[in-house]
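Below are the chains, spelled out letter by letter.
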Protein chains: 2
Amino acid sequence: MANQDLTARAKTSASVRPRVLIVGCGFGGLFAARALARAAVEVLVIDRNNYHLFQPLLYQVASAALGPADIAQPIRTILRTQPNAFVMMGEVTGIDLARARVDVGESHLSFDYLILAPGAVDNYFGHAEWHQWAPGMKEVEDATYIRSRLLRSFETAELEADTAQRAAHLCFVIVGGGPTGVELAGAIKELAVDVIARDFRVADTRRARVLLIEAGPRFLPALHPASSRHALEQLQDLGVEVRLGQPVTEVFADGVEVGGERVRSYNVIWAAGVRASSLVSTLGVPVGPGARVQVMPDCSVPGYPQVFVIGDAAYLVDSKSDRPVPGVSQGALQMGRYVARVIVEEVQGSRASRERGFHYVDWGSMATIGKSRAVVEIGPLRFGGFLAWLAWMFLHVSVLIGFRNRIAVMTSWIYGYVFMRRGSRLITRPTRAW
Amino acid sequence: MANQDLTARAKTSASVRPRVLIVGCGFGGLFAARALARAAVEVLVIDRNNYHLFQPLLYQVASAALGPADIAQPIRTILRTQPNAFVMMGEVTGIDLARARVDVGESHLSFDYLILAPGAVDNYFGHAEWHQWAPGMKEVEDATYIRSRLLRSFETAELEADTAQRAAHLCFVIVGGGPTGVELAGAIKELAVDVIARDFRVADTRRARVLLIEAGPRFLPALHPASSRHALEQLQDLGVEVRLGQPVTEVFADGVEVGGERVRSYNVIWAAGVRASSLVSTLGVPVGPGARVQVMPDCSVPGYPQVFVIGDAAYLVDSKSDRPVPGVSQGALQMGRYVARVIVEEVQGSRASRERGFHYVDWGSMATIGKSRAVVEIGPLRFGGFLAWLAWMFLHVSVLIGFRNRIAVMTSWIYGYVFMRRGSRLITRPTRAW
C-alpha cells in the first residue's frame, strides 16, 4: 500500500504550512523548488526520474562524448540541504484541479499551490508513426538508444559488402535545424571524421554523410539572421550537407523523402520540434501552439490562480516584448523563479509580483557546431568561431549542477579535444524492466 | 547481404597469412590478440559487444560508483594501432570444428587457428527460474539493471507506509561469498549508510539490511583462510550480516529461503557461481565442472590442435600445481598470451611452448570491502585494511585499459572518498532494441 501522506511521516515534524506541489524537475521545477527554500511552505517535488537532467547536453550523450551520469544529478542530492523540500519519484496519473488533488498511482496528494513543469515531448506533427524510424531525444534512454544505433551503424557498414547498403548505414539524417539539430549534426560529423575513422579497416567513416534538414529558410531561427548565416558556414565548413526550406515529407524504415528526393539512411534523428507533455492535455483548459497551456500573465491556469504551468508546457505571450516566451531552459528557469516569488509573496499577503506578471529576460543564445566552432549572442553582441566555442563551454560547465559533474564533463571535453576521442562509445542492449 | 570475407576487403592488402579467429574479447581474447601483434598472422576478433569490459569493476557500476563507460573501452580503439588485427562485432551462431568454420549470422568465416574465449554466464545450478528474481552480473546491462533496481528500492521504501514492505525494500540479499559477492555487499552497505542516507526524509537507509550468503564454510574460498577471516571481520565491522555454510534453498519474487528461514527482500543478487558460455556446449567435445571444456595441457580442444579454449570457458588442471586454473582474469590473460605464443612458434616451425603446456602463475588475489578496507595476498604476503585497499586501488587503476578510463575512475574514486557521493545514481528505463 502506498503512503497517502508522505510529508506527515517525515523526520521533520508535520506542519500546517501551505503545500506547494511541483510536478517535473527540469529547469523550471527545480528552480521553483530552490526559490522556495526559505519560504514558510512545504515543497513536494514529483518526477518520473530520480534525477534532474541537463537536457541541453543530451546530444553529447547521443554522440558518445559524455555519459548519462555526467549530465544527470539525483534530485534528492540537489535538494538535500533544503529542509522544506520533499522528493517523490513517481508518475503523475491524474490531476483534479477542482478538488486540488494530484494522483501518483495509489497516492492522492492534496495541494495549496500546484506548479506544473512536465516539459515537452517530440512533435511529429501528426505523423506519430515516424517515431519508430526517426527517434527524438528528450530523455536519457533516447540518447543512449540513438548512440547505440549510430555506433551500431558504423559496425554494420564495416561488414557490409553491398555498396548502397553501406552508404545507407553511413548516412545520418537530422531533421530540424534548431540548436539540437545543429549541435547533433556537428557532433556526428566529427565523430565519423575525427574520432573513429582510424578504428575501422574497411568502411571509410570519413566519407559518412551527415544531412541536416530544416523546413524553414534558416538554421537557428530563434537567433539573429547573421548568426544563422554564421552557423550555416561553419556547418558546411565541417562537411555537413544542408537542406534549407525543404520539409521532410515522409519517413521510412530506411530513409526520408525531402524535396521530392528519397535519401536512404538507417539513422534518421528527429529534432524538428516539441509539444507539451500530454499531462497538461488532461487538465481540460485551453491550449495554444504545440499543445501548450495558454497561461495567464502570472503563469497561472485561467480560473485556477493557485495552479501554474511553466516551461515548455506553457504558452505565454510576453506583454512587454509581444513575443511568446521561448521554449528554452532560460524561459523555464525564469518562470520557475517567478512563480516561486508569487507564492512566497502571497503567503506573506502581497500580490505585487502576481499583478506585475511574468516577463522574460533574454540573456542571449548560443549553439556549438562541433569542436572549436559555435555561435553566440549576448544582447547586441554576436560572434562565432573559437571564442564563441570557449564561451559556450564555459557557460555550460558553469551552469551544470553538481561539482562532480563539472569535473567529469570538463575532463571529458579536454580529453576529447586533445586526443580526439570520445569516452562513452558503448553499444548497449535493451535492459529488462524493473 | 553480409560480407563473406571481411579482411579481403580491408584497406591493407589481402594476404595469405594464416588467419587466427578469436571469439570473445575479454581478458583472454584481448591479450591473445595483442600478443599476436607482431606475428605473421591475420587476427580477426569477434565479440558481441563493441567494447572490452573490465569485469572486476562491474560491481561498482551496479552500486552507482562508476558509469559503464568508465570500465569499457571500444575494442577497435584498443587494437587501432595493430595492423594485423580486424574487429567484427557480432554474435557467433555456429562453430564447425571439422570444417574449420565459424558462422556469424550470414557470414561464414574460415580459420587456421581458433581461440575461443567466450567467458562465463551465471550458474543457477539447475534453477534457471531463479534468474528472474535474482539477477546476476556479467554484462553492462546486468549492472545498470541491478543499479536501477536497488536505487528504485530506496525510492519505494521512502513512500511505503507498511513497515514490513518497507523493510523488504531495504533488505539486500547477495548470494555467493566470492570476490563479487563480498565487494558488492560492502559497496551496497556503504551506499545505504554513507552516500544516500541524508537524501531521504522518511526511510532510514542507514538501517538497510545487507545480507551476504555463502553456502561454503568461508568467504573468498580461493584465498588463504586467514584472508577469509580478515574479510569476515571487515564485513561485520561494516554492518553486513553474514550467513556461512547455509545454501539458499529457494528464491521467490520477494525473497529467499536460507537455513530454513525465509528472508523478505526485493533485491536478491546472484553471485554464487558461473558456468561456461553456452557457445562451447555446441562444440560436441567433453566438458568438465561448470560446463567448461576439458582442454589439453596446451589449451587446445582434444582432437583439434588448432582450436583453443581459454579463460572461464576452459577447464584445465595445471600439471605443476595439480590444481585447476582459476576462473579469474589473470587465468584468462595468461592463457591468452600462452596460446598466442604457441601459434607464433608454430608459424615459425617450433613446438616448444605447445609441448611445455600451460602453467598458471599465481600473482596473488585481492578483494575490496567498502571504502578503506580490503584483503590482499601477494605470494606469501597477506594483509588487510587501509594499506590493502590502497594496493587494490592502485592495481585496478593501473590495469584498466585506456588513459581516459584511468583518469575517470581515479576522479570518481577520489571524489567518492572525499565527499562520500557516487556519481552514477541513475534509475534508467528499458530502452528499445536497435
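No experiment lies behind these values; they were computed from the predicted model shown. (Residues numbered from 1 in each chain as written. Chains lettered and ligands numbered in written order. Predicted model: local features only at pLDDT ≥ 70, side-chain atom pairs only at ≥ 80, totals over all residues. Heavy atoms only, no water.)

A look at helix 8 (residues 329–348) of chain B
Residues and elements named next belong to chain B.
Then step 1. The end-to-end C-alpha distance of helix 8 is 29 Å, a good match for the 28 Å that 20 residues give at a rise of 1.5 Å each.
Then step 2. For helix 8, the set of buried residues is G331, A332, L333, Q334, M335, G336, Y338, V339, A340, V342, I343 and E345.
Then step 3. Turning to helix 8, the residues buried within the fold contact strand 1 (19–23), helix 1 (27–35), strand 9 (113–116), strand 21 (304–309), strand 22 (314–315) and helix 9 (352–356). (Helix = DSSP H or I, 4+ residues; strand = E, 2+ residues; numbered from the N terminus. Expected span 1.5 Å × (residues − 1). Buried < 20%, exposed > 50% of the residue type's maximum accessible area, 1.4 Å probe, protein only. Contact = heavy atoms within 4.5 Å.)

Overview of the interface of chain B and chain A
By a frequent convention, interface size equals the accessible area lost on bringing the separate parts together.
Then step 1. Between chain B and chain A, the contact holds 71 residues from the first and 72 residues from the second.
Then step 2. Where chain B abuts chain A, roughly 7400 Å² becomes buried across the two surfaces, and 52% of that area is made up of carbon and sulfur atoms.
Then step 3. Contributing elements (two or more residues each) for the side of chain B that touches chain A: strand 4 (72–74), helix 3 (75–78), strand 5 (85–89), helix 4 (140–159) and helix 11 (403–419) of chain B.
Then step 4. The biggest single contributor to the side of chain B that touches chain A is helix 4 of chain B, with eleven residues.
Then step 5. Of the residues that constitute the side of chain B that touches chain A, the class distribution is 35 nonpolar, 16 polar and 20 charged. (Buried area = accessible area lost by both parts, 1.4 Å probe. Nonpolar A, V, L, I, M, F, W, Y, C, P; charged D, E, K, R; others polar.)

Re a nonpolar patch on the surface
Then step 1. On the surface, A:F386, A:L387, A:L390, A:I414, A:Y417, A:V418, A:F419 and B:F403 cluster together into a nonpolar patch covering about 770 Å² of accessible area.
Then step 2. It is helix 11 (residues 403–419) of chain A that provides the largest number of residues to the nonpolar patch, a total of four residues.
Then step 3. Looking at where A:V418 falls in the secondary structure, it is placed in helix 11. (Patch = residues over 30% accessible without salt bridge, like charges linked within 9 Å, V, L, I, M, F, W, Y side chains within 5 Å. Areas by Shrake-Rupley, 256 points an atom, 1.4 Å probe, with all protein chains shown as cover. Salt bridge = Lys/Arg side-chain N within 4 Å of Asp/Glu carboxyl O.)

Some points on empty space enclosed by the protein
Then step 1. Under the criterion given, the structure shown has nine cavities of 30 Å³ or more.
Then step 2. Taken together, 35 residues form the lining of the largest cavity, with A:G67, A:P68, B:G67, B:P68 and B:A69 sitting closest to its centre.
Then step 3. Of all the secondary structure elements, the ones that give two or more residues to the lining of the largest cavity are helix 4 (140–159) and helix 11 of chain A together with helix 4 and helix 11 of chain B.
Then step 4. Among the residues forming the lining of the largest cavity, the class breakdown is eleven nonpolar, 14 polar and ten charged.
Then step 5. Lining the second largest cavity are 26 residues, and of these B:Q60, B:A65, B:E190, B:K371 and B:R422 lie nearest its centre.
Then step 6. Secondary-structure elements contributing two or more residues to the lining of the second largest cavity are helix 2 (58–62), helix 6 (179–195), helix 10 (385–399) and helix 11 of chain B.
Then step 7. By residue number, the principal contributor to the lining of the second largest cavity is helix 6 of chain B, which donates six residues.
Then step 8. Residues belonging to the lining of the second largest cavity are distributed by class as follows: eleven nonpolar, eight polar and seven charged. (1 Å grid on protein atoms, 1.4 Å probe; cavity = no way out; pocket = protein on both sides within 12 Å on 5 of 7 lines; lining within 4 Å. Points joined across faces, edges and corners; volume = space filled by probe spheres on them.)

Thoughts on the packing of aromatic side chains
Then step 1. Scanning the model with the defined rule gives 20 aromatic pairs over all chains in all.
Then step 2. Note on A:W389 and A:Y417: the rings are 5.3 Å apart at their centroids and 25° apart in plane angle, and the pair reads as stacked. One end of the pair, A:W389, is in helix 10 (residues 385–399); the other, A:Y417, is in helix 11, and 28 residues separate them in sequence.
Then step 3. The class for A:W389 is buried, based on a relative accessible area of 9%.
Then step 4. The partly exposed category is assigned to A:Y417, whose relative accessible area is 35%.
Then step 5. With a centroid separation of 4.8 Å and 20° between ring planes, the pair formed by B:Y124 and B:W270 is classed as stacked. Here the residue B:Y124 occupies a position in the loop between strand 10 (120–122) and helix 4, and B:W270 occupies one in strand 17 (residues 267–270), the gap between them amounting to 146 residues. (Phe/Tyr/Trp six-rings, centres within 6.5 Å; stacked < 30°, edge-to-face > 60°.)

Description of the sheet that holds strand 13 (residues 241–244) of chain A
All names here are of chain A.
Then step 1. If you trace the four strands from one edge of the open sheet to the other, you get 13-12-11-17, paired in parallel fashion. Edge strands, defined here as strands with exactly one partner in the open sheet, are strand 13 and strand 17 (267–270). With strand direction ignored, the average angle separating the axes of adjacent strands in the sheet is 15°.
Then step 2. Bridging between strand 12 (residues 209–214) and strand 13 involves four bridges; their strand directions are parallel. Opposite I213, over in strand 13, you have R243 as the bridge partner.
Then step 3. Across the sheet, helix 4 lies against strand 11 (171–175) and strand 17, angled at about 160° from strand 17, the strand it touches most.
Then step 4. Taken strand by strand, helix 6 (residues 179–195) contacts strand 11, strand 12 and strand 17, and its axis lies near 175° from that of strand 12. (Pairing = 2+ DSSP bridges. Axes fitted to C-alpha atoms, helices over the stretch in contact; angles between N-to-C directions.)

Brief notes about the relation of the copies chain B and chain A
Then step 1. It takes a turn of 180° to lay chain B on chain A, together with a shift of 0.0 Å along the axis; the resulting RMSD is 0.0 Å. In the structure described here, the two chain copies are related by an operation that fits a two-fold rotation axis. Taking the C-alpha atom as reference, chain B places B:P430 closest to the rotation axis, 2.9 Å from it.
Then step 2. The fraction of interface residues of chain B whose copies in chain A are also interface residues reaches 100%, indicating that both copies meet through the same surface. (Least-squares fit on C-alpha atoms with pLDDT ≥ 70 in both.)

With respect to the pattern of salt bridges
Residue and element names in this part refer to chain B.
Then step 1. Under the counting rule described, the total for this entry stands at 38 salt bridges over all chains.
Then step 2. Put simply, R373 and D237 hold a salt bridge, and the shortest N to O gap is 3.1 Å. Residue R373 is located in the loop between strand 23 (365–368) and strand 24 (374–378), and its partner D237 is located in helix 7 (residues 225–238); the two are separated by 136 residues in the primary sequence.
Then step 3. Its salt-bridge partner being R243, residue E261 comes within 2.8 Å of it at the nearest N-O pair. Here E261 is found in strand 16 (residues 261–264), whereas its partner R243 is found in strand 13 (residues 241–244), with 18 residues between them in sequence.

A look at the sheet that holds strand 6 (residues 94–96) of chain A
Within a sheet, neighbouring strands are paired by backbone hydrogen bonds and run either parallel or antiparallel to one another.
Residues and elements named next belong to chain A.
Then step 1. Spatial strand order, 6-7-8: three strands in an open sheet with antiparallel pairing. The sheet is open, and its two borders are formed by strand 6 and strand 8 (107–110), each paired with just one other strand. Within this sheet the neighbouring strands show an average axis-to-axis angle of 20°, counted without direction.
Then step 2. The pairing of strand 6 with strand 7 (residues 101–104) spans three bridges and is antiparallel.

A closer look at the environment of A:A143
All names here are of chain A.
Then step 1. Note on placement: A143 falls in helix 4.
Then step 2. The class of A143 is buried, set by a relative accessible area of 0%.
Then step 3. For the pair A143 and Y59, spaced 84 residues apart in the sequence, the C-alpha separation amounts to 6.9 Å.
Then step 4. Setting aside residues no more than four positions away along its own chain, A143 makes contact with L58, V61, A62 and M137.

Examining the packing of helix 10 of chain A against helix 11 of chain A
Relative placement of two packed helices is described by the angle separating their axes and the distance separating the axes.
Residues and elements named next belong to chain A.
Then step 1. Packing of helix 10 against helix 11 leaves a shortest axis separation of 9 Å and a crossing angle of 155°. With respect to helix 11, the element helix 10 is oriented roughly antiparallel. Contacts from F386, W389, W392, M393, H396, V397 and S398 in helix 10 reach R406, V409, M410, W413 and Y417 in helix 11.
Then step 2. Grouping the amino acids of the contact of helix 10 with helix 11 by side-chain chemistry returns nine nonpolar, two polar and one charged. (Parallel < 35°, antiparallel > 145°, perpendicular 65-115°, else oblique.)

Some thoughts on the environment of A:E190
All names here are of chain A.
Then step 1. Here E190 is to be found in helix 6.
Then step 2. Along the sequence, E190 and A143 sit 47 residues apart, while their C-alpha atoms lie 17 Å from each other.
Then step 3. Contacts of E190, omitting those with residues within four sequence positions, involve V195, L238, G370, K371, R373 and R422.

What to know about the side chain of B:R201
Then step 1. Within the secondary structure, B:R201 is located in the loop between helix 6 and strand 12 (209–214).
Then step 2. Of the side chains bearing the opposite charge, B:E158 lies closest to the buried B:R201, which forms no salt bridge; the N-O distance is 6.5 Å.
Then step 3. Among the polar contacts listed, one links the side chain of B:R201 to the backbone oxygen of A:R80, at a separation of 3.4 Å. (Lys, Arg positive; Asp, Glu negative; His and termini not counted. Polar contact = N/O pair within 3.5 Å; in protein donor to acceptor, adjacent residues only side chain to side chain.)

Some remarks on the confidence of the model for chain A
Low-pLDDT stretches of the model should not have their predicted coordinates read in fine detail.
All names here are of chain A.
Then step 1. Put simply, chain A has an average pLDDT of 92, and 96% of its residues get 70 or more.
Then step 2. With pLDDT under 50 throughout, residues 8–14 is counted as low confidence; its partners more than four residues away or in other chains account for 17 contacts.
Then step 3. Across the predicted assembly, pTM comes out at 0.93 and ipTM at 0.91. (pLDDT = per-residue confidence, 0-100.)

Focus: the pairing of strand 21 (residues 304–309) of chain A
Residue and element names in this part refer to chain A.
Then step 1. Bridge count for strand 9 (residues 113–116) against strand 21 is three bridges, and the pairing is parallel. In the sheet register, I115 faces strand 21, and the bridge partner there is F308.
Then step 2. Here two bridges tie strand 20 (residues 300–301) to strand 21, and the two strands are oriented antiparallel to one another. Within the sheet, the bridge partner assigned to V301 lies in strand 21 and is Y304.
Then step 3. From the end of strand 20 to the start of strand 21, which pair antiparallel, there are two residues, and G303 there has a positive phi angle of about 90°.

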